[in-house]
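Here's the letter readout for the chains.
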Amino acid sequence: MNKHLEDLIKLSKIDQTIDAFEPRIEEARARLDAVEEAQSAIEKEIQALTDEIRESELKKAKNELHIQELSDKLEANKKKVAEAKTEKEIKALQLEEEIAKEQLDFANEEIERLDNLIETRKKEIETKEAELAAQKEKSAAIKEEVERELAEIEKERQQLFEQKQALIANMSQKILAFYDKIRRWAKNTAVVPVRKQACMGCFMKINDKTYAEVIKGEEITTCPHCGRILYLEVQKEEESAEA
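In this report, we go over the structure that sits alongside the text. (Residues numbered from 1 in each chain as written. Predicted model: local features only at pLDDT ≥ 70, side-chain atom pairs only at ≥ 80, totals over all residues. Heavy atoms only, no water.)

**Topic: the overall build of the protein**
1) Next: When helices and strands are tallied, the protein shows five helices and four strands.
2) Next: Against the 2.2 N^0.38 benchmark of 18 Å for 243 residues, the protein shows a C-alpha radius of gyration of 40 Å, more extended than a compact globule.
3) Next: Projecting the C-alpha coordinates of the protein onto the three principal axes gives extents of approximately 125 × 40 × 35 Å.
4) Next: The long-range fraction of contacts in the protein, counting pairs at least 24 apart against all pairs at least 6 apart in sequence, stands at 73%.
5) Next: In the form shown here, the protein has an accessible surface area of approximately 16,100 Å², with 51% of it arising from carbon and sulfur atoms.
6) Next: Taking the 43 positively charged and 56 negatively charged side chains of the protein as two groups, their mean positions are separated by 5 Å. (Helix = DSSP H or I, 4+ residues; strand = E, 2+ residues; numbered from the N terminus. Rg over C-alpha atoms; globule rule 2.2 N^0.38 Å. Contact = heavy atoms within 4.5 Å. Areas by Shrake-Rupley, 256 points an atom, 1.4 Å probe, with all protein chains shown as cover. Lys, Arg positive; Asp, Glu negative; His and termini not counted. Charge placed at Lys NZ, Arg CZ, Asp CG, Glu CD.)

**Things to note about the pattern of salt bridges**
1) Next: According to the stated counting rule, one finds 21 salt bridges in the structure shown.
2) Next: R31 is the salt-bridge partner of E145, the closest N and O atoms lying 3.2 Å from each other. Here E145 is found in helix α2 (residues 87-168), whereas its partner R31 is found in helix α1 (residues 3-83), with 114 residues between them in sequence.
3) Next: The closest approach of N and O atoms between R113 and E110, which form a salt bridge, is 2.7 Å. Here E110 and R113 lie together in helix α2, a separation of three residues that amounts to about one turn.
4) Next: Exposure remark for R113: the relative accessible area of 41% places this residue in the partly exposed category.
5) Next: Residue E110 is classed as buried on the basis of its relative accessible area of 16%.
6) Next: Each of D15, D19, K164 and R183 takes part in a single network of salt bridges with overlapping partners. (Salt bridge = Lys/Arg side-chain N within 4 Å of Asp/Glu carboxyl O. Buried < 20%, exposed > 50% of the residue type's maximum accessible area, 1.4 Å probe, protein only.)

**A word on the packing of α1 against α2**
1) Next: Running from amino to carboxyl end, α1 crosses α2 at an angle of 165°, the nearest separation of the two axes being 6 Å. Comparing the axis directions of α1 and α2 gives the class roughly antiparallel. Crossing of α1 against α2: the hand is left-handed.
2) Next: Split by residue class, the contact of α1 with α2 holds 35 nonpolar, 13 polar and 36 charged. (Axes fitted to C-alpha atoms, helices over the stretch in contact; angles between N-to-C directions. Parallel < 35°, antiparallel > 145°, perpendicular 65-115°, else oblique. Left-handed = near helix turned anticlockwise from the far one by under 90°. Nonpolar A, V, L, I, M, F, W, Y, C, P; charged D, E, K, R; others polar.)

**Describing the packing of α1 against helix α3 (residues 173-186)**
When two helices pack together, their arrangement is given by the angle between the helix axes and by the axis-to-axis distance.
1) Next: Running from amino to carboxyl end, α1 crosses α3 at an angle of 40°, the nearest separation of the two axes being 11 Å. One element, α1, and the other, α3, form an angle in the oblique class. Considering the relative orientation of α1 and α3, their crossing is right-handed. Residue-level inspection shows H4, L8, L11, S12, D15 and D19 of α1 in contact with α3, the latter providing I175, L176, Y179 and R183.
2) Next: A class-by-class count of the residues in the contact of α1 with α3 yields five nonpolar, two polar and three charged.

**Focus on the nonpolar core**
1) Next: Ranked by size, the top nonpolar core spans 22 residues in total, and within it L8, L11, M171, Y179, A190, V191 and I229 carry the most contacts.
2) Next: Of all elements in the fold, only α1, α2, α3 and β4 (229-232) reach the threshold of two or more residues within this core.
3) Next: For this core, the element with the most residues is α1, which contributes eight residues.
4) Next: Among residues more than four places away in sequence, those in contact with Y179 are L8, L11, S12, D15, A190 and V191. (Core = buried A, V, L, I, M, F, W, Y, C linked by side-chain atoms within 4.5 Å.)

**Quick word on α3**
1) Next: Taking 1.5 Å per residue, 14 residues should reach 20 Å; α3 reaches 19 Å between its end C-alpha atoms and fits that length.
2) Next: Of all the residues in α3, the buried ones are I175, L176, Y179, I182, R183 and A186. Taken down its axis, α3 places every buried residue within 130° of arc, on the same side. In this structure, α3 carries Q173, K174, K181 and R184 as exposed residues pointing more than 90 degrees from its buried face.
3) Next: On the buried face of α3, the contacting elements are α1, α2, β1 (191-195) and β4.
4) Next: Of the residues flanking the end of α3, it is K187, one or two places downstream, whose phi is positive at about 55°. (Expected span 1.5 Å × (residues − 1). Arc of directions from axis to C-beta.)

Right, dumping it as structure tokens:
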């Protein structure tokens with residue numbers, strides 16, 4: 001087989017292996033993102049509950065202030081009733097008193113509702129904080145696992161980069177440029193085998209003349225249909241013939 005073709009096959013396989021690391025890296029990072037998002041979601045829930053408690057406490061304070069105002073008003077009303085000189089004045093003051101008492105009852109009921117709500121939200125926060133602690137522990141474990149995995153991938157990838165550099169250092173720049181030109185559009189199928197007289201890049205059958213050139217392997221042969229670099233997998237061809 002042509003030495004340039006042998007080098008191109010090796011280079012193509014190295015590039016395929018290097019590119020195959022990307023899905024592994026993405027999958028590892030996705031696992032890490034998922035646990036971090038889960039942790040962030042719990043933290044947001046706790047913050048929302050905390051905000052609701054704060055808002056409820058402000059409402060409670062307003063109602064307590066309103067109760068004080070109503071109590072002062074009722075106290076003042078008693079004096080006014082005692083000083084009233086006409087039936088009309090007394091009835092008007094009594095109506096004001098009834099309205100104030102209704103408002104007082106409502107304010108007290110609202111405070112009780114808010115107290116119950118605050119207590120419920122505090123218990124929910126306790127539950128969420130326990131979930132958060134467990135999630136943080138899980139996140140730390142997965143982060144450590146992912147970091148180990150990424151470090152191993154980087155180590156393997158670096159070894160392949162070194163193999164690639166050693167290979168291309170002795171290759172013809174013209175051949176490399178030709179390969180890179182095809183790889184820009186064909187990606188990891190720039191160099192493909194021929195099986196059953198078909199290009200395994202575009203899966204089109206090649207003519208007898210081109211197939212004969214591929215079998216000889218003396219020159220770099222490209223697919224007449226798609227332009228990919230072709231080579232013959234002898235073992236696979238023999239296996240196919242036997243089958």
